[in-house]
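Results of the structural survey
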Amino acid sequence: MPISVTSPSRELHSHNMDMDDKRRNQTRNHISIQGFDLKLNVLHFYRLSPEEIILWSQSLERLLASKYGMTTFQAFLKSEFSDENIEFWLICQDYKKIKSSFRLSSRAKKIYKTYIEAEAPKEINIDHKTRDLIRRNVKTPTTVCFDEAQRIVYRLMEKDSYPRFLRSNIYRTLLDSASDYIKV
């Protein structure tokens, strides 16, 4: 499936421009695959090497360590209406960096209400035992009070979402397009 690059309505100065000039003029463009806007800056897309995109297929950890891998994975999950797991995982990563006990407490309550409690707006799929443990932990929160749920969510993404991502048109198209770009 071809990748379509949509751009603002501005004319390129010449058909004979070299690729670097074209890339500079397209810095505000974005990539759309099957009508799904990845919101990746085209200049950054051209900086993505096929090697980096291939690295994403080695492990979920490698994918999440890449800024553009993370963005692409989030876009894929959003397209499947299943982005609550990656959102929760990322929020937990930020939560662990909080130093203020007041901020820790207020953020823990917000995370609990948004992702953990039954019927939460973005409820994640965790077992009852873990849910109860977190409910107790949130009363006196620490930086590790969501660790077990975060591990469960990571394993779910690793076993389910990540393999689907690797088989998706989004990933395959990026991989094919990056490979084609190198051949040009």
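Residues numbered from 1 in each chain as written. Predicted model: local features only at pLDDT ≥ 70, side-chain atom pairs only at ≥ 80, totals over all residues. Heavy atoms only, no water.

1. Structural notes on the environment of Thr71
Structurally, Thr71 can be placed in helix H5 (residues 67-79). Side-chain polar atoms of Thr71 contact the backbone oxygen of Lys67, separated by 3.0 Å. (Helix = DSSP H or I, 4+ residues; strand = E, 2+ residues; numbered from the N terminus. Polar contact = N/O pair within 3.5 Å; in protein donor to acceptor, adjacent residues only side chain to side chain.)

2. With respect to the packing of aromatic side chains
Inspection of the entire model under this criterion finds 8 aromatic pairs. When the ring of Trp89 is compared with that of Tyr154, the centres are 6.1 Å apart and the planes differ by 40°; the resulting orientation is tilted. Here Trp89 is found in helix H6 (residues 84-95), whereas its partner Tyr154 is found in helix H9 (residues 147-167), with 65 residues between them in sequence. According to the relative accessible area criterion, Trp89 is buried, its value standing at 13%. Judged by its relative accessible area of 19%, Tyr154 falls in the buried class. Centre to centre, the rings of Phe165 and Tyr171 are 5.3 Å apart; their planes meet at 50°, and the pair counts as tilted. (Phe/Tyr/Trp six-rings, centres within 6.5 Å; stacked < 30°, edge-to-face > 60°. Buried < 20%, exposed > 50% of the residue type's maximum accessible area, 1.4 Å probe, protein only.)

3. What to know about the pattern of salt bridges
Under the criterion given, the structure shown has 9 salt bridges. Where Lys122 meets Glu87, a salt bridge forms, and the shortest distance between an N and an O atom there is 2.7 Å. Taken together, the residues Lys122 in the loop between helix H7 (101-116) and helix H8 (128-139) and Glu87 in helix H6 connect sequence positions 35 residues apart. Where Arg135 meets Asp132, a salt bridge forms, and the shortest distance between an N and an O atom there is 3.6 Å. You can see Arg135 and its partner Asp132 sitting in helix H8, 3 residues apart, about one turn around the helix. (Salt bridge = Lys/Arg side-chain N within 4 Å of Asp/Glu carboxyl O.)

4. Side note on the confidence of the model for the protein
Summary statistics for the protein give a mean pLDDT of 79 and a share of 71% for residues scoring 70 or more. Long-range and interchain partners of residues 1-31, a stretch whose pLDDT sits below 50, account for 53 contacts in this model, where long-range means more than four residues apart. Every residue in residues 39-43 is under pLDDT 50, and counting partners more than four places away or in other chains gives 17 contacts. (pLDDT = per-residue confidence, 0-100. Contact = heavy atoms within 4.5 Å.)

5. Some thoughts on the packing of H5 against H9
Interhelical geometry of H5 versus H9 gives an angle of 95° and a closest axis separation of 10 Å. As far as their axial angle goes, H9 and H5 are roughly perpendicular. Residues Thr72, Phe73, Phe76 and Leu77 of H5 pack against Met157, Ser161, Tyr162, Arg164 and Phe165 of H9. Residue composition of the contact of H5 with H9, by class: 6 nonpolar, 2 polar and 1 charged. (Axes fitted to C-alpha atoms, helices over the stretch in contact; angles between N-to-C directions. Parallel < 35°, antiparallel > 145°, perpendicular 65-115°, else oblique. Nonpolar A, V, L, I, M, F, W, Y, C, P; charged D, E, K, R; others polar.)

6. Quick word on unusual backbone geometry
Even without being glycine, Phe81 reaches a positive phi, approximately 55°. Structurally, Phe81 is set in the loop between H5 and H6. With a relative accessible area of 74%, Phe81 lands in the exposed category. Despite not being glycine, Glu119 has its phi angle at roughly 70°, a positive value. Considering the arrangement of structural elements, one finds Glu119 in the loop between H7 and H8. Looking at Glu119, the relative accessible area reads 72%, which means it is exposed.

7. A word on the nonpolar core
The biggest cluster of nonpolar side chains holds 41 residues, and the ones touching the most others in it are Trp56, Phe73, Phe88, Ile116 and Phe146. A per-element tally of this core places H9 first, with 8 residues. Ignoring anything within four residues of it in the chain, the contact list for Phe146 reads Phe88, Cys92, Tyr95, Ala108, Ile111, Tyr112, Ile116, Ile134 and Val138. (Core = buried A, V, L, I, M, F, W, Y, C linked by side-chain atoms within 4.5 Å.)

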